[in-house]
Amino acid sequence: MSSTLIEQFKTNLIHYNLWNNVKIHNDLIISGIPSTKLVSTDDSNQIEWIMCIDKLGFGKELSIKIINSWFKQVQSLNNNFRPSRITIGIMNDDGTIVYYFVYDGITKPRQN
Amino acid sequence: MAKKNNKNLNKIYKYPLPLIISSNSNGLNLNLNLNLPNLFPHNPISWIWYSIKLLYYNLRYDVPSNDDINVVYKDGIFKIENESSMRKIWRMGFFGKGVLSRSEPTWKERTLIRLNLIKTDKCKLTMEDITRQRRAERTDFKKKRQKLQDLELKKRKDEITDEELKEMDELDKILVEMRKASQVGSIGSGGSFDIEKDEEEDEEVEEVIREEDSKLIDSNGRLIQIEYVQLQFVETFFLKFALNTIKISNFANLTELFKVCCNHYSESNSINPDNKFILEYLVYHYYRSMGWCVRSGIKFGTDYLLYKRGPPFMHAEFCLLIMDLNSNNLDWFQVFTKARVVGSVKKTLVLVYVETPTIEEFNQVFYDNNEVDDEGLKFLKLFKLYKISEVIYKRWNPSRTRD
């Protein structure tokens, strides 16, 4: 089993998180459908977009410009539809991945 | 912070490190597994009995050996692929992480159950099952809370019926119970224990097997193991330099391994005294040498977590943040934010300051060719140039700590 960073993410989503239709789009972006919807306020289980980042990778500055470029890339992959959120996945050197949502602008906070 | 105690845990995790001290300098078998009788200095019969037992064990059993664990460096990852080594490295000191598990490599066991490849009445609960169960409970709690809040709103608007008032009362009671239960830790955590499998659940299982899952089964109908254990760079270096219990075929010597680790953390080819790998390694080694189980703290946005004994026994008590005195890597605002996260999971934040030597002092030791015949000593000398000091950081809330 080959394991470039993006393929490690793919394996993690399919066999650990049990997602369906996991697709690699380029070196950065993976999409897939979770086994259950991720946020209770979502209407239905929807396609999620993951930006795959190496914790030890270089040049991983998190600016508005970069976030916006991610949204634009996802838009071009998603029938020109800009999603309300994307997800950042950060890979640690022991293979742990932590995922964080990034919303496109202000969102009503959820009660924990 | 103790987790539910299980007698089996002490048996499974009896070795704190992947080392078995099995014989003394004369080659006598002193394996801790053997139950040698007590020795009473004032009672000569106990000496004889002890000698007989010791002799018996040494003739009867082999001295257990420390088989090296094979580690492969591939695609920038340190992997352990042999199943018994995977188990060993987790059970003896909690090193590494199963790439398809939360920590202990349990993917194969879980998948066998998930794909109905083994028939069991009772199933072992893995850490992942416990997490899932706890999340399901939490979701259920949130649903009920939402309902209660909707009813409360109705009440305030005076649109509520008597029946709904009753329902509100009941919901309120249930929620109080659920809150209590979650604080006690209703399912317990860590370790594994048996539960009766839910029969209703069995009926629901008729899921369609995913295409990806069908590829996991070989022509004999057996599940293919695709999980391996991934070691952190600091763990790998610790197991090689400090314990020397692993074999890594890719590297001729320790210096080569060290260079690969340092270069992985820094863009420049030359190794500086404040290389991030060195700082992380020193802090890792420092706490390991004092008996703590050190694991990655990435889930809480910190560098490390400290466990007493290990994850199955206790929740982590401390989160560590490595502070580099030279490069000011964190400002106070960043420390504040991390401290709030750490506080909310009832852990204590420790700031670990590492004082580095000058580049001249560093190079003098690192490039000293007189020590090449003992690399271990060279690194020991090198690491002794660093100083570590720690500070506990705690948020103080004046209005809450008044008497």
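Scoring rules and cut-offs
- Residues numbered from 1 in each chain as written.
- Chains lettered and ligands numbered in written order.
- Predicted model: local features only at pLDDT ≥ 70, side-chain atom pairs only at ≥ 80, totals over all residues.
- Heavy atoms only, no water.
- Helix = DSSP H or I, 4+ residues; strand = E, 2+ residues; numbered from the N terminus.
- Buried < 20%, exposed > 50% of the residue type's maximum accessible area, 1.4 Å probe, protein only.
- Contact = heavy atoms within 4.5 Å.
- Areas by Shrake-Rupley, 256 points an atom, 1.4 Å probe, with all protein chains shown as cover.
- Core = buried A, V, L, I, M, F, W, Y, C linked by side-chain atoms within 4.5 Å.
- Phe/Tyr/Trp six-rings, centres within 6.5 Å; stacked < 30°, edge-to-face > 60°.
- Lys NZ or Arg CZ within 6 Å of the ring centre and 35° of its normal.
- UniProt positions renumbered as here; feature names shortened; annotations may be inferred.

Turning next to the overall build of chain A. The secondary structure content of chain A amounts to two helices and five strands. Reading the helices (α) and strands (β) of chain A from amino to carboxyl end gives α-β-β-β-α-β-β. For the C-alpha atoms alone, the extent of chain A along its principal axes is close to 40 × 30 × 30 Å. Within the span of chain A, comprising 112 residues, buried residues form 43% of the whole. Considering only contacts within chain A whose residues lie at least 6 apart along the sequence, 39% involve residues at least 24 apart. For chain A, the computed accessible surface area is about 6,300 Å², with 53% contributed by carbon and sulfur atoms.

All right, on to the nonpolar core then. Residue and element names in this part refer to chain B. Core analysis: the largest hydrophobic core is formed by 52 residues, its most contacted members being Phe78, Phe237, Phe258, Phe277, Ile278, Phe379 and Phe383. Take this core: its biggest share by element is eight residues, from helix H11 (residues 276-289). Leaving out residues up to four positions away in the same chain, Phe379 has contacts with Phe237, Phe241, Leu254, Thr255, Phe258 and Phe366. Ranked by size, the runner-up nonpolar core spans 20 residues in total, among them Tyr13, Phe94, Met323 and Leu351.

Moving on, we get to the packing of aromatic side chains. Residue and element names in this part refer to chain B. What the rule picks out here adds up to 37 aromatic pairs over all chains. Each ring, one from Tyr286 and one from Tyr287, has its centre 4.9 Å from the other, and the planes form 85 degrees; the classification is edge-to-face. Given a relative accessible area of 4%, Tyr287 falls into the buried group. Positioned above the aromatic ring of Tyr228, the side-chain terminus of Lys79 is 4.5 Å from the ring centre.

Bringing the UniProt feature "active site" (unreviewed entry) in chain B into the picture now. Residue and element names in this part refer to chain B. Per the UniProt record, "active site" (unreviewed entry) is found at Tyr307, His315 and Lys347. Spatial clustering of the annotated residues is evident: they stretch over 41 residues in sequence, but the largest pairwise C-alpha distance comes to 10.8 Å. Topologically, Tyr307 is positioned in strand S9 (residues 304-307). When its relative accessible area of 13% is taken as the criterion, Tyr307 is described as buried. In this view, Tyr307 contacts Trp292, Cys293, Arg295, Met314, His315 and Ala316; residues no more than four positions away in its chain are not counted. Note that Lys347 resides in the loop between helix H12 (332-344) and strand S11 (348-355). By relative accessible area, which is 13% here, Lys347 ends up buried. Once residues lying within four places of it in the same chain are set aside, the contact partners of Lys347 are Phe300, Leu305, His315, Ala316, Glu317, Cys319 and Val342.

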